[in-house]
Amino acid sequence: NLCIAVTASDVVLDGNDQTITHTGTGEAINVTSQGSISNVSIRSVTIEGESDANGVTIYTRGDSANLQDIQLVDNRINDTDTAVDAVMDGSSSEINLSIRDGHLVNSTEAIDVDGDGDDSTVEVSVVNNTMTIENDGIEDIDAEGENSTLTVEVTDNIIDSESGDALEDIDT
């Protein structure tokens, strides 16, 4: 189940504080690329989900897929499995993701970024968010493929985790 798919560059999704109610599995908003997408901004959206669904999923498919300048700003994501889930599936791929000024509440995990392809680049900035989470706040930010690079900025966040870690794992 998917509510909104973003598959092009230069997209601004301004929710103007409106609510997307997502039921079932899948994700409320999906940003996916088999090639290159850049300059996507999702802002001022409230997502009400279910425990089997993700709020926002960012996904590269295949080799040399690039997602550049993806910005999640001033969003409220409630009651999901993972509030923001980014997966890089393929080598020589890039993700550049900024998550700021958000409220990630009552989800199992707030943020999970998996960069698994070889020769890939993962750049993630997580700034000024409030996370009230069941398990881990920032579950994972990684670039685990051979010859991959990882750049992470995590500043000015409030993370309240009921049974897990505020920051579980950042690694290459």
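In this report, the structure presented in the accompanying data block is examined. Since the structure is predicted, the reported quantities are computational estimates derived from the model, not experimental observations. (Residues numbered from 1 in each chain as written. Predicted model: local features only at pLDDT ≥ 70, side-chain atom pairs only at ≥ 80, totals over all residues. Heavy atoms only, no water.)

A look at the overall build of the protein
Helices and strands together make up the secondary structure of the protein, namely zero helices and 17 strands. A compact globule built from 172 residues should have a C-alpha radius of gyration of about 16 Å, and the protein, at 15 Å, falls within 12% of that. Dimensions of the protein, computed from C-alpha atoms along their principal axes, come out at roughly 35 × 30 × 25 Å. Taken over 172 residues, the protein has a buried fraction of 49%. At a minimum sequence separation of 6, the contacts of the protein that also span at least 24 residues come to 85%. Total accessible area computed for the protein in this model is approximately 7,400 Å², and 36% of it derives from carbon and sulfur atoms. Here the protein holds 4 positive side-chain charges and 38 negative ones, and the gap between their average locations is 13 Å. (Helix = DSSP H or I, 4+ residues; strand = E, 2+ residues; numbered from the N terminus. Rg over C-alpha atoms; globule rule 2.2 N^0.38 Å. Buried < 20%, exposed > 50% of the residue type's maximum accessible area, 1.4 Å probe, protein only. Contact = heavy atoms within 4.5 Å. Areas by Shrake-Rupley, 256 points an atom, 1.4 Å probe, with all protein chains shown as cover. Lys, Arg positive; Asp, Glu negative; His and termini not counted. Charge placed at Lys NZ, Arg CZ, Asp CG, Glu CD.)

Observations concerning a negative patch on the surface
Together, Asp63, Asp89, Asp116 and Glu144 give the surface a local cluster of negative charge. Following the sequence through the fold, Asp63 ends up in the loop between strand 5 (53-61) and strand 6 (66-73). Residue Asp63 is classed as exposed on the basis of its relative accessible area of 52%. (Patch = residues over 30% accessible without salt bridge, like charges linked within 9 Å, V, L, I, M, F, W, Y side chains within 5 Å. Salt bridge = Lys/Arg side-chain N within 4 Å of Asp/Glu carboxyl O.)

Some details on the pairing of strand 8 (residues 82-89)
Each regular strand carries side chains that alternate between the two faces of the sheet. With six of its eight residues buried, strand 8 lies for the most part within the structure. Relative to strand 8, strand 5 runs parallel, the two sharing six bridges. Bridging across to strand 8, Thr57 finds its partner in Asp85. As paired elements, strand 8 and strand 11 (residues 109-115) share six bridges and run parallel to each other. Within strand 11, the residue paired with Thr82 across the bridge is Glu109. (Pairing = 2+ DSSP bridges.)

A few points about the sheet that holds strand 17 (residues 170-171)
In spatial order, the strands read 1-3-5-8-11-14-17; together these seven strands make up an open sheet with parallel pairing. Each end of this open sheet is capped by a strand with a single partner; those strands are strand 1 (2-6) and strand 17.

A word on a nonpolar patch on the surface
A cluster of nonpolar side chains, contributed by Val154, Leu167 and Ile170, occupies part of the molecular surface with about 210 Å² of accessible area. On the secondary structure map, Val154 appears in strand 15 (residues 149-155).

Digging into the nonpolar core
Core analysis: the largest hydrophobic core is formed by 35 residues, its most contacted members being Ile58, Leu97 and Ile111. The contact partners of Ile58, leaving out residues within four places of it in the chain, are Val31, Leu67, Ile70, Leu72, Val84, Asp85, Ala86, Val87 and Leu97. (Core = buried A, V, L, I, M, F, W, Y, C linked by side-chain atoms within 4.5 Å.)

Structural notes on the pattern of salt bridges
Taken as a whole and assessed by the stated rule, the structure comprises two salt bridges. With a shortest N-O distance of 3.5 Å, Asp14 and Arg43 are connected by a salt bridge. Pair noted here: Asp14 is in strand 2 (residues 11-21) and Arg43 is in strand 4 (residues 36-48), with a separation of 29 residues, a long-range link. Residue class for Arg43 comes out partly exposed when judged on its relative accessible area of 33%.

With respect to the pairing of strand 13 (residues 130-133)
Only one face of strand 13 is buried, namely the one carrying Met131 and Ile133, since none of Thr130 and Thr132 on the opposite face is buried. Sheet topology note: the strand 10 (residues 103-107)/strand 13 ladder contains four bridges and is parallel. Along strand 13, the bridge assignment pairs Leu104 with Met131. With four bridges joining them, strand 13 and strand 16 (residues 158-161) adopt parallel strand pairing. Considered in strand 16, the bridge of Met131 is made with Ile159.

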